[in-house]
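# Structural overview for review
Each chain is listed here by its residues.
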Amino acid sequence: MGVRAWLLERKARLAVLVGLLIAGVAYPFIGGTIAARMAVARIQERLGTPVRIDRARAGLLGLTFRDVDIGDGGTPATAGPLGHLGRVRVPFAALLFRRGVIDIDGVTVNVRRGGPTDNVTNVLAALRRHKSAAVQPQGESESGRLPGVAIRDARVTLQDAATGLTVEIERLGLLFLPGDRLDARVEKIDGVLAFGTSGRGPRFGAQAITVVGPLQGTRPRGYPTLTVTGGFATPLPNLSLTGIHGQIHPASTPASSDPAQAKQLVVDLDGSYGGARETLWTARGGLDPGAHEGQVSLRAERFSLGEIADVLPKTILSPKHTNVDAAFDVSWAEGAVRFGGDMQVSGLSFEHAGLASEPVRGVDLTLILRGTAFPASRRVAIDRLEARIADLQGKLSGFVELAPGNFTFADGNKLGFLPRMELTLQVPPLPCAKALASLPPALVPRLQGFGLQGLFGAEITARVDYADLEALELKGKVAIDGCKVLSTPPAVKALVAGESITQSVEVPLPPPARGTNAPAPGDTEEMQFIVGPENPDFVPYEQISPNLIAAIMTTEDNGFFKHRGWVTSEFRTALKRNLQRGGFRGGASSITMQMVKNVLLSQEKTLSRKLQELFLVWYLEHEIPKERILELYFNAIEFGPRIYGIGSAARHYFGKNASDLTPLEGAFFSSILPSPKRRYIQYCHGTPTPQWDRYVRRILAKMHERGRIDDETYAAAGAQKLVFDRREAGFNERQCLDWVKRITARPEPETPPDIDAPIDADTDGADGADGGPIPVGRLRKLFAKDARRSAGARGGRITTPHP
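Residues numbered from 1 in each chain as written. Predicted model: local features only at pLDDT ≥ 70, side-chain atom pairs only at ≥ 80, totals over all residues. Heavy atoms only, no water.

Attention now goes to the overall build of the protein. Across its full length, the protein holds 17 helices and 30 strands. A burial count over the protein gives 42% of its 803 residues as buried. A separation threshold of at least 6 residues defines the contact pool for the protein, and within that pool the share at least 24 residues apart is 58%. Here the protein displays about 41,700 Å² of accessible surface, and carbon together with sulfur accounts for 56% of that area. (Helix = DSSP H or I, 4+ residues; strand = E, 2+ residues; numbered from the N terminus. Buried < 20%, exposed > 50% of the residue type's maximum accessible area, 1.4 Å probe, protein only. Contact = heavy atoms within 4.5 Å. Areas by Shrake-Rupley, 256 points an atom, 1.4 Å probe, with all protein chains shown as cover.)

Shown next as structure tokens:
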């Protein structure tokens, strides 16, 4: 071999070595890039969404892809991709022979269905199209033709705008081996089924859930076994099921021990309440997923609340003396979920600021529930919801439905649905004495001492549709007239007999003298005054200006002389108003109700006060004349800070007797109710602000419109100017305004009610409803006529306003 040939051979060998070296260096990058492009194209074709692979490398045994993003995150840029895979390792055996395991870790999945950030609807549609168009090759489902998948440390977020469902999974691990098994473990799950836009609703989750089951190809072979550890569910705001553990597993079959042959699942779970460690309930039942049927029975065998005392709210008192025994059954089939349960609670003691001022102790309560839910239409039919305390029983039936649509409350808050409901409450007839005795004494303390006979019962129906609140219906009957009072407690007996009554009220400290420190906000003291002739500021009914009576009746109780303590239509109006506002902030309060609240009860906003108020109003309306009710009312109510009764109020504001109040002055007193402390700022100014003056004159116009003052009186009052008498004021305007700020929740300025809104919503018609003016003399006669009509049935005293 010549030198030339030798040199050529050496160059060729060197070129091969260099080529191999270059190929060896370039292979991971070029091979990875080519594989990444092929993978992106294929995945995008199947999913119908953008796919991006940041880096790709080819190795001796397979391919590695890093930072894989699937999906463009929906419309908003902040939505994020559907999924992010930190690293994907694909062995060549999986590509060439469909064997081995594809290993994926560093996974983040963010699924958003519905709404502007939806990132999965188009993907699901693309998968369905691909599935319907694909022709499965022979043997495709066999285990040898598909590689396995292993996912480690995945974080998952699922949000469904249509159902309000949100699920967050902190850690997910999965081993998927086609033809063999599925083995998944999910840790730290937290979910909520939110209603509307509030984000609130039933919550659920668990410390860990494992799912293990056999596979036939890629499909489940029978049902998997699901094991729960540390589960929780809060189906109702005050019902928290915790410590849930156990299994949902395939039922054993007589013909075969293979769980894949089972057609049903067995539910075998235990748990507790409110985080307690003890097992206090069990859930046993069976499911048939193929038929979409199932049944589960929950049992809470008799236990003491003392066992979970450390997780109970502070409102539950003496839990060790309270025992609970409950059972609840749920079954579902053909799109309907039927439920029913019974609960017995004995020795329950509790306190709540909205219930009563004092703790309620030793209550025995029985609850029975039967109903059906229709999830597709979001409707619940209540066949029977029964509660019993001693001999008193209440039964509720009807339906509640969350119809599609949106509702905006008066304050701007919104509901993402339109509630519809029709509910009927029945109280089966029982002796009046037993009805009263069944109520815990702490709930009706001022009714202790009443002796009753006769029968009591009730039936009330409400129909509410948020799509048309004007069509709201509230009707029924409370058969309290079947009761007869045989004896009364001393305080009520004294009031009926016309005796003087001593009132004790909590009032703000007076404004400081000049040069002294102001009291802290909220500082109060107790003040007593007498409602009766012993009080020099007491004003008998005959000496109360008819102008004041006309004004107060115009705004507070238009049909006072015509009803027996309340107007049924006012309850409907109050309910509609509160539903529009999104909360119960005001009720149908008549003059008699206000008198009872001020004279016999308190200002507390509790169910206890309302129950006692309704009973006392019913009784007093039958026992004392309307004039006596007005006399008590005007001499007991608050007209400003530390000002009680019209006698002291007339002197303080206008420097005159209550008998001499003009129509304009009466309209002013009417304007400051029901917030006399806050509206005292008008007195601080020395004369009403222009805005408030217009409101007062609108009340004056309504008095004229309803025939309570004649044309001449109205014209004269319209020409007058309201000026307050400041002789009793020991402070200047600035000191007065500062004082009002300290003693009230809302600072100055106080905006009057809407000038264009109705003064009141009474629908019974005003005195003189024909619209014509009524002279003052005739007004007195009309008051007397109404009073005779109401008092004649009581045998009460008849008096008329003085000239």
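Turning our eyes to something else, we now look at the packing of aromatic side chains. Considering all chains together, one arrives at 27 aromatic pairs under this definition. Considering the side-chain rings of Phe 407 and Tyr 466, the 4.8 Å spacing of their centres and the 80° angle between planes classify their relative orientation as edge-to-face. Residue Phe 407 is located in strand β21 (residues 407-408), and its partner Tyr 466 is located in the loop between β24 (451-465) and β25 (473-478); the two are separated by 59 residues in the primary sequence. The pair Phe 407 / Tyr 466 is uniform in exposure class, with both members buried. With centroids separated by 4.9 Å and ring planes inclined at 80°, the aromatic side chains of Phe 450 and Phe 615 adopt a geometry described as edge-to-face. Of this pair, Phe 450 sits in the loop between α4 (432-438) and β24 while Phe 615 is found in helix α9 (residues 607-623), placing the two residues 165 residues apart along the sequence. The buried category is assigned to Phe 450, whose relative accessible area is 9%. (Phe/Tyr/Trp six-rings, centres within 6.5 Å; stacked < 30°, edge-to-face > 60°.)

Moving on, we come to the side chain of Ser 297. If you trace the backbone, Ser 297 turns up in strand β14 (residues 293-304). Only 2.6 Å separates the side chain of Ser 297 from the side chain of Gln 295, close enough to count as a polar contact. Discounting chain neighbours no more than four positions away, the residues touching Ser 297 are Thr 282, Ala 283, Arg 284, Phe 328 and Asp 329. (Polar contact = N/O pair within 3.5 Å; in protein donor to acceptor, adjacent residues only side chain to side chain.)

Next up on the list: the environment of Ser 589. Relative to the helices and strands, Ser 589 is located in the loop between α7 (568-581) and α8 (591-599). Classification of Ser 589 as partly exposed rests on a relative accessible area of 28%. Setting aside chain neighbours within four positions, we find Ser 589 in contact with Glu 556 and Gln 594.

With that settled, the discussion passes to the state of the cysteines. Inspection of every chain in the model, using the stated rule, returns two disulfides. Here Cys 684 engages in a disulfide with Cys 736; their sulfurs sit 1.9 Å apart. The S-S bond linking Cys 684 to Cys 736 shows a torsion near -65°; that makes this disulfide left-handed. On the criterion of sequence distance, the pair formed by Cys 684 in helix α13 (residues 681-685) and Cys 736 in helix α16 (residues 733-743) is long-range, its members being 52 residues apart. What connects to what in the protein, once the bonded cysteines are numbered by sequence position, is 1-2, 3-4. (Disulfide = S-S within 2.5 Å.)

Another aspect to go through is the pattern of salt bridges. Under the counting rule described, the total for this entry stands at 37 salt bridges. Arg 203 serves as the salt-bridge partner of Asp 190, at 3.2 Å between the closest nitrogen and oxygen. Taken as a pair, Asp 190 in strand β7 (residues 181-193) and Arg 203 in strand β8 (residues 203-216) lie far apart in primary sequence, 13 residues in all. Residue classification places Asp 190 among the partly exposed positions, given a relative accessible area of 33%. Residue Arg 203 is classed as partly exposed on the basis of its relative accessible area of 36%. Residue Arg 284 is joined to Asp 268 by a salt bridge in which the shortest nitrogen-to-oxygen separation is 3.0 Å. With Arg 284 in strand β13 (residues 281-288) and Asp 268 in strand β12 (residues 265-273), this pair connects stretches of sequence that are 16 residues apart. The class of Arg 284 is partly exposed, set by a relative accessible area of 37%. Residue Asp 268 is classed as partly exposed on the basis of its relative accessible area, which comes to 32%. The structure contains a network of salt bridges with shared partners spanning Arg 52, Asp 54, Arg 55, Asp 67 and Asp 69. (Salt bridge = Lys/Arg side-chain N within 4 Å of Asp/Glu carboxyl O.)

In this section: α9. Because each turn of an α-helix spans 3.6 residues, side chains separated by three or four positions end up pointing in the same direction. Between its terminal C-alpha atoms α9 stretches 25 Å, which fits the 24 Å expected from 17 residues at 1.5 Å a residue. Among the residues of α9, those classed as buried are Ser 608, Arg 609, Gln 612, Glu 613, Phe 615, Leu 616, Val 617, Trp 618, Tyr 619, Leu 620 and Glu 621. In this structure, the buried side of α9 is in contact with β24, β26 (483-487), α5 (490-496), α8 and α10 (626-636). (Expected span 1.5 Å × (residues − 1).)

A few words now on the packing of helix α12 (residues 663-671) against helix α14 (residues 690-705). When two helices pack together, you describe them by how their axes are tilted relative to each other and by the distance separating the axes. Closest axis-to-axis distance for the α12/α14 pair is 9 Å, and the angle between their directions is 115°. Accordingly, the angle class assigned to the pair α12 and α14 is roughly perpendicular. Judged by the sense of rotation from one axis to the other, the crossing of α12 with α14 is right-handed. Of α14, the residues touching α12 (which contributes Pro 663, Leu 664, Ala 667, Phe 668, Ser 670 and Ser 671) are Trp 692, Tyr 695, Val 696, Arg 697, Ile 699, Leu 700 and Met 703. Here the residues of the contact of α12 with α14 sort into ten nonpolar, two polar and one charged. (Axes fitted to C-alpha atoms, helices over the stretch in contact; angles between N-to-C directions. Parallel < 35°, antiparallel > 145°, perpendicular 65-115°, else oblique. Left-handed = near helix turned anticlockwise from the far one by under 90°. Nonpolar A, V, L, I, M, F, W, Y, C, P; charged D, E, K, R; others polar.)

So, on to the pairing of strand β3 (residues 83-91). Each regular strand displays side chains that alternate between the two surfaces of the sheet. Pairing geometry for strand β2 (residues 62-70) and β3, over eight bridges, is antiparallel. Bridge pairing in β3 links Leu 63 to Val 90. Pairing geometry for β3 and strand β4 (residues 101-113), over six bridges, is antiparallel. Paired with Val 88 across the two strands is Ile 104, which belongs to β4. (Pairing = 2+ DSSP bridges.)

For Arg 628, the position within the fold is in helix α10. The class of Arg 628 is buried, set by a relative accessible area of 9%.

This part takes up the nonpolar core. Side chains of nonpolar character tend, in soluble globular proteins, to be buried together. Among the nonpolar cores identified, the biggest contains 91 residues, and Leu 620, Phe 634, Ile 646, Tyr 653, Phe 668, Phe 669 and Tyr 680 are the most heavily contacted of them. The contacts of Leu 620, once residues within four sequence positions are left out, are Val 492, Leu 495, Val 496, Met 595, Val 596 and Leu 600. Of all hydrophobic cores here, the second largest spans 57 residues; its members include Val 68, Leu 241, Val 296 and Leu 348. (Core = buried A, V, L, I, M, F, W, Y, C linked by side-chain atoms within 4.5 Å.)

Residue-level pLDDT values for the protein average 82, and 82% of them are 70 or greater. Confidence over residues 74-78 falls short of pLDDT 50; this stretch has six contacts with residues more than four positions distant or in other chains. Considering only residues more than four positions removed or in separate chains, one finds that residues 755-803, a stretch of pLDDT under 50, has 102 contacts. (pLDDT = per-residue confidence, 0-100.)

As a further point, take α12. When you tally the buried positions in α12, you get nine out of nine residues, the bulk of the element. Residues of α12 that are buried: Pro 663, Leu 664, Glu 665, Gly 666, Ala 667, Phe 668, Phe 669, Ser 670 and Ser 671. The elements touched by buried residues of α12 are α6 (546-555), β29 (638-640), α11 (646-654), α13, α14 and α15 (711-719).

Inspection of the sheet shows β7 paired to β8 by eleven bridges, in the antiparallel sense. Each bridged residue has a counterpart across the sheet, and for Val 186 the counterpart in β8 is Ile 209. In this structure, β8 lies alongside strand β9 (residues 219-220), joined through two bridges in antiparallel fashion. Its bridge partner being in β9, Gln 216 is matched across the sheet by Arg 219. The turn joining β8 and β9, which pair antiparallel and follow one another in sequence, is formed by two residues; a positive phi near 65° is taken by Gly 217.

Below, the discussion takes up unusual backbone geometry. Cis geometry is found at the peptide bond from Leu 673 to Pro 674, where omega equals 15°. Along the chain, the position of Pro 674 falls in the loop between α12 and α13. Even without glycine at this site, Asp 67 takes up a positive phi of about 50°. Its location among the elements puts Asp 67 in strand β2. Unlike most non-glycine residues, Glu 334 shows phi in positive territory, near 55°.

Let us now look at the packing of α8 against α10. Interhelical geometry of α8 versus α10 gives an angle of 55° and a closest axis separation of 9 Å. Classified by the interaxial angle, the pair formed by α8 and α10 is oblique. Considering how the two elements wind past one another, α8 and α10 form a crossing that is left-handed. Counted together, Ile 591, Thr 592, Gln 594, Met 595, Asn 598 and Val 599 of α8 and Ile 629, Leu 630, Leu 632, Tyr 633 and Ala 636 of α10 form the full contact between these two elements. In the contact of α8 with α10, the residues fall into eight nonpolar, three polar and no charged.

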